[in-house]
Amino acid sequence: MAFFVFNSASKMVSPLVMLHFILICVTLHCNNLAAAKMNPRPNIVLILTDDLDVSIGGMIPLVKTKKLIGDAGITFTNTMVASPLCCPSRASILTGKYPHNHHVVNNTLEGNCSSTAWQKTQEPDSFPAFLQKHGTYQTFFAGKYLNEYGSKKAGGVEHVPPGWDHWFALERNSKYYNYTLSVNGRAQRHGQNYSEDYLTDVLANISIDFLENKSNRRPFFMMVSTPAPHSPWTAAPQYESSFANVKAPRDPNFNIHGKDKHWLIRQAKTPMTNSSVEFLDNAYRKRWRTLLSVDDLVEKMVKKLEVRGELSNTYIIFTSDNGYHTGQFSLPMDKRQLYEFDIRVPLLVRGPNIKPNQISQLLIANVDLGPTILDIAGYNVNETKMDGMSFLPIMIGKGNSSTWRSDVLVEYEGEGSNISDPACPLLGPGVSECFPDCVCEDSYNNTYACVRTVSQAANLQYCEFDDNEVFVEVYNLTADPFQLSNIAKSIDQEVLEKMNHRLMMLQSCSGQSCRTPGVYDSKFRFDPRLMFSSLVPHRNKLRQTLK
């Protein structure tokens, strides 16, 4: 008996045509399954957002991302960055090193951001270079790389860093329209037509094209680096009116004076003016709107991997380069500060042997991403110069949480102008990132180093500033999650001494010595004179080498 099928135009389709169609579908499906079996090593996808916080609600708009990655795998709730600024943080992700070892201190060429010195000394040791060097993984990059990438003084967009087979990198800093991509070393300019140029969507389309056209005989690593939710916060047209009634969260540290904090925080005007609050509320909404396109990108990539039969053999990692603040301690909006809202970021991972709906409170740093990716790929992290450690054993249930590290290092070198801002002459030189009401977000002596400790016994942060005051801030995050009270003058002296010593150890660590759980020398005695003068000689050396 012959069976006939009718299409939407009510035209009869013959059994032979239908059989041919079925055979094609089965063949494609089998080819995809064969490709998955052909690659015993897992595929890896790293999705990196720009300025996405987790402390003030940044993950709320990302409903599909949480479902498709977090709920399908593990969410790390204590993930910190090595530095709360784009370029130093991204350098830490790529190299697996703390800033005192990769020497990127800010977003400028002079601060080693994508400089020729970075290209010569650090890019060859990045984890993508390691993946490519061993010839197993095909590598793909799309999006924002480093803030000064594409600078004429550092090779322009013709420079393709070692480690990348397929390269689609944004020139300079995050934009959504009117930008230039380096497509394997050739400039590709984009305008302001949404369907052709909206960067988050362009990155999604480029990524899908790669998945459809890559080799099925080798595993792949993809790094997709979105502009969102970085300024200028340009939403896709369909999302421009979303979240119309949303405001920045009014947490206990919102719009209050940081009376016991570093002078830069104390100079913020409290309460903020109504116009300042309206401005930051509007920025907060715009940030969320840009994230809806990131949510779409994640959904498209997961669905494509699923259709190709590759999802079950692919690790997908979702994170950010730093956090953000909008009105905390009356600071309008930025990153760069030592507080949780700037240093804590989301980290969601799904993949082979990761059970769904897991929550881990273990302390992770973004210097761990490179070592973890290399571990997933089957390489020995101990053969690298990386400071971080692989959290793959934790994800797949083979790690020992009792021996996991209990503290990480956060470093930041402040930036300032050598001349006074004409609009704010009373502030004098040495400050930067100033708003119209003369509240500044950064300064030369906003230079600090912190130990962030998370263990069963303690949830603490200890920070030292490289300034004339030798200012210290200490917080007990268990009792004071919003960091309202600096307890540096009231905390037990023995705890203070141990944290000071641990900071000295971490600031001089390299490789294996950075990975040990909190270790203290019982003979150590606290001496404020040793805080910064001897701890960070690399700063002066670095400035000399970059001249």
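Residues numbered from 1 in each chain as written. Predicted model: local features only at pLDDT ≥ 70, side-chain atom pairs only at ≥ 80, totals over all residues. Heavy atoms only, no water.

Time to look at the state of the cysteines. By the definition in use, this model includes 5 disulfides. One disulfide in the model links Cys-87 with Cys-113; its S-S distance is 2.1 Å. Between Cys-87 and Cys-113 the disulfide shows an S-S torsion of about 95°. By sign, it is right-handed. With Cys-87 in helix 3 (residues 86–95) and Cys-113 in the loop between helix 4 (99–102) and helix 5 (116–121), this residue pair connects regions lying 26 residues apart in the sequence. There is no split in this pair, since Cys-87 and Cys-113 are both buried. In this model, Cys-509 is linked to Cys-514 through a disulfide, with the two sulfur atoms separated by 2.0 Å. On the sign convention where negative means left-handed, the S-S torsion of about 95° between Cys-509 and Cys-514 marks this disulfide as right-handed. Assigned by exposure class, Cys-509 and Cys-514 land together as buried. With cysteine numbering restricted to those in disulfides and following the sequence, the protein chain has the pairing 1-2, 3-5, 4-6, 7-8, 9-10. Free cysteine Cys-86: the closest other cysteine sulfur is in Cys-87, separated by 8.1 Å. (Disulfide = S-S within 2.5 Å. Helix = DSSP H or I, 4+ residues; strand = E, 2+ residues; numbered from the N terminus. Buried < 20%, exposed > 50% of the residue type's maximum accessible area, 1.4 Å probe, protein only.)

What follows concerns the sheet that holds strand 15 (residues 407–412). Pairing between the strands of a sheet comes from backbone hydrogen bonds, and it takes one of two forms, parallel or antiparallel. One open sheet holds the 4 strands; their spatial order is 15-18-19-20, and the pairing between them is antiparallel. Looking along the sheet, the strands with just one partner apiece sit at the ends: strand 15 and strand 20 (472–476). Each strand axis lies, on average, 15° off the axis of its neighbour in the sheet, ignoring direction. Sheet analysis places strand 15 next to strand 18 (residues 448–454), joined by 6 bridges and oriented antiparallel. Looking across to strand 18, one finds that Glu-411 is bridged to Ala-449. Against the sheet, helix 14 (residues 493–507) contacts strand 15, strand 18, strand 19 (459–465) and strand 20, and its axis sits at roughly 65° relative to strand 19. (Pairing = 2+ DSSP bridges. Axes fitted to C-alpha atoms, helices over the stretch in contact; angles between N-to-C directions. Contact = heavy atoms within 4.5 Å.)

Moving on: the sheet that holds strand 14 (residues 358–365). If you walk across this open sheet you meet the 10 strands as 8-7-6-5-9-3-10-13-4-14, and the pairing is mixed. The open sheet has two edge strands, strand 8 (186–189) and strand 14, and neither has a second partner. The sheet shows a mean angle of 15° between the axes of neighbouring strands, direction not considered. Here 5 bridges tie strand 3 (residues 43–49) to strand 9 (residues 220–225), and the two strands are oriented parallel to one another. Following the sheet pairing, Leu-46 is matched in strand 9 by Met-223. Helix 8 (residues 199–213) contacts strand 5 (138–144), strand 6 (166–170), strand 7 (180–183) and strand 9 of the sheet and is inclined by roughly 170° relative to strand 9. The sheet strands contacting helix 12 (residues 369–376) are strand 3, strand 9, strand 10 (314–320), strand 13 (347–350) and strand 14, and the helix crosses strand 10 at an angle near 175°.

The values reported here are purely geometric and, on their own, carry no functional implication.
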